[in-house]
Amino acid sequence: MISGYVSLGAIIAKIYRTTQSNEEINYSDAAEWCAESLNLIGANDIYDQISDCLPIINGKAKMPLGFHKLADIRYKNSPMYWSSNSVAANYQCSGCQIPVCNSGTCTNTFYVNNSYLITDITGEDQNVCIIYLGIHVDDEGFPMIPDDPLIIKAVESYIIYSLDYANFRKGKITDKVFQKSESEWLFYCPAAKGAANMPNLAQLSNLGNIFRRLIPMRNEFQNGFRNITKKEDFNF
């Protein structure tokens with residue numbers, strides 16, 4: 001569970017202390033490597049859950065900057081269902097990929113293509129509300145790192161690994177030094193993912209209620225999964 005963040009500058013300062021190097025680290029390169037490492041770790045809790053409402057124009061909407069993965073989507077407080085562009089022909093939209101539903105069986109469907117949300121919604125002044133995952137950034141747009149020792153160490157090791165890879169290609173360091181940096185990154189990456197995915201006590205209780213349920217709750221997607229973690233109550 002992520003409860004706070006540290007700045008990229010703090011990670012770079014830690015790298016200077018660790019490596020005792022006088023070589024200047026390019027801040028933009030470090031920001032790119034930081035974002036890469038967070039994506040490679042890949043745990044959902046590393047990302048912010050961001051809410052936004054997107055205006056629909058001609059059946060589609062531009063996804064917001066920083067979008068990584070869609071968590072939930074609603075239209076007029078009702079869930080929308082995933083479709084794909086492989087069935088675009090069924091929407092009878094000649095010469096384009098904007099779904100226009102004529103059959104009456106494909107209400108409130110969507111897919112994501114080329115940074116656009118494409119839907120079967122028609123009409124003016126329509127909005128779709130989404131919750132998506134995105135990397136937490138500071139006021140200047142640089143990524144922030146979750147304040148967890150293993151995640152911080154993983155990001156630090158990836159930046160050092162990337163720096164050493166460039167120096168190894170230039171012949172400035174030996175293969176043993178580079179292999180040491182690589183092995184540290186390969187160790188801390190899964191360790192950081194495990195730390196980020198570790199549930200707290202409340203989440204463990206919710207998981208227990210799900211696993212012990214005798215009667216499965218089907219179609220909870222329609223209810224936003226509000227009831228799936230509630231304790232099962234039998235009235236005989």
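For the structure, see preceding data.
Presented here is an overview of the structure given in this document. (Residues numbered from 1 in each chain as written. Predicted model: local features only at pLDDT ≥ 70, side-chain atom pairs only at ≥ 80, totals over all residues. Heavy atoms only, no water.)

**Details of the nonpolar core**
Just so we agree on the cut-off: Each nonpolar core is a collection of buried residues, namely Ala, Val, Leu, Ile, Met, Phe, Trp, Tyr and Cys, held together in the definition by side-chain atoms within 4.5 Å. Summary of the burial criterion: residues with accessible area below 20% of their type's maximum are buried, those above 50% are exposed, and those between are partly exposed, where the area comes from a 1.4 Å probe applied to protein chains only. Working definition: helices are DSSP H or I runs of at least four residues, strands are E runs of at least two. Numbering for both runs from the N terminus. The criterion used for residue contact is that any of the two residues' heavy atoms lie within 4.5 Å.
Judged by nonpolar contacts, the single largest core of 32 residues is most densely connected at Leu-8, Ile-11, Ile-46, Ile-145, Ile-151, Val-155 and Ile-159. Broken down by secondary-structure element, the contributors of at least two residues to this core are helix H1 (8-19), helix H2 (27-41), helix H3 (149-169) and helix H4 (175-197). For this core, the element with the most residues is H3, which contributes 8 residues. Contacts of Leu-8, omitting those with residues within four sequence positions, involve Tyr-27, Ala-30, Ala-31, Cys-34, Phe-142, Pro-143, Ile-145 and Ile-159. Grouped together as the second largest cluster of nonpolar side chains are 13 residues, Ala-61, Met-80, Ile-121 and Val-128 included.

**Topic: the sheet that holds strand E3 (residues 60-62)**
Spelled out, the test is: Here, a strand pair is defined by DSSP locating no fewer than two bridges between the strands.
As summarised here, the arrangement of the 4 strands in space is E3-E8-E7-E6, forming an open sheet in which the pairing is mixed. Where the open sheet ends on each side, the last strands, each with one partner, are E3 and strand E6 (81-82).

**Comments concerning the packing of aromatic side chains**
Basically, it comes down to this: Only rings of Phe, Tyr and Trp enter the pairing, Trp through its six-membered ring, and a pair is recorded when the two centres are within 6.5 Å. The plane angle decides the type: under 30 degrees is stacked, over 60 is edge-to-face, the rest tilted. Comment: the charge-over-ring label is applied if NZ (Lys) or CZ (Arg) is within 6 Å of the ring centre and within 35 degrees of the ring normal.
One pass over the full model with this rule turns up 9 aromatic pairs. Relative to Phe-178, the ring of Phe-168 has its centre 5.0 Å away and its plane inclined at 5°; by these criteria the two rings are stacked. Residue Phe-168 is located in helix H3, and its partner Phe-178 is located in helix H4; the two are separated by 10 residues in the primary sequence. Overall, the relative accessible area of 31% leaves Phe-168 in the partly exposed class. Ring pairing ties together the aromatic residues Tyr-158, Tyr-161, Tyr-165, Phe-168, Phe-178 and Trp-185, which thus form one cluster. Between the NZ or CZ atom of Lys-60 and the centre of the ring of Tyr-116, over which it lies, the distance is 4.9 Å.

**Re the packing of H2 against H3**
What counts, and what does not: Structural elements are reduced to axes, namely lines fitted to C-alpha atoms, with helices fitted over the stretch in contact, and the angle between N-to-C directions of any two is expressed from 0 to 180 degrees. Comment on the angle field: the value is read as roughly parallel under 35 degrees, roughly antiparallel over 145, roughly perpendicular from 65 to 115, and oblique elsewhere. When the near helix sits turned anticlockwise from the far one by under a right angle, the crossing is termed left-handed; a clockwise turn instead gives a right-handed crossing. Put simply, Ala, Val, Leu, Ile, Met, Phe, Trp, Tyr, Cys and Pro go in the nonpolar bin, Asp, Glu, Lys and Arg in the charged bin, and everything else, Gly too, in the polar bin.
Closest axis-to-axis distance for the H2/H3 pair is 9 Å, and the angle between their directions is 125°. By the angle between their axes, H2 is oblique relative to H3. In the packing of H2 onto H3, the handedness of the crossing is right-handed. Contacts between H2 and H3 pair Ala-30, Trp-33, Cys-34, Glu-36, Ser-37, Leu-38, Leu-40 and Ile-41 from the former with Ile-151, Ala-154, Val-155, Tyr-158, Ile-159, Ser-162 and Leu-163 from the latter. Tallied by class, residues from the contact of H2 with H3 come to 12 nonpolar, 2 polar and 1 charged.

**Points about the side chain of Gln-126**
Quick note on the threshold: N or O atoms within 3.5 Å of each other form a polar contact, as long as, within protein, one can give a hydrogen and the other can take it, and as long as residues adjacent in sequence are counted only when both atoms are side-chain atoms.
Along the polypeptide, Gln-126 turns up in strand E9 (residues 126-134). Looking at Gln-126, its side chain comes within polar contact range of the main-chain oxygen of Glu-124, at 3.1 Å. Contacts of Gln-126, omitting those with residues within four sequence positions, involve Leu-54, Pro-55, Ile-56, Tyr-75, Lys-76 and Ile-121.

**Looking at the pairing of strand E7 (residues 109-113)**
Working note: regular strand, side chains alternate between the two faces of the sheet. In this structure, E6 lies alongside E7, joined through 2 bridges in parallel fashion. Of the residues in E7, the one forming a bridge with Tyr-81 is Thr-109. Where E7 meets strand E8 (residues 116-119), 4 bridges bridge the pair, whose relative direction is antiparallel. Paired with Phe-110 across the strands is Thr-119, a residue of E8. What sits between E7 and E8 in their antiparallel hairpin is a turn of 2 residues, with Asn-114 showing a positive phi close to 55°.

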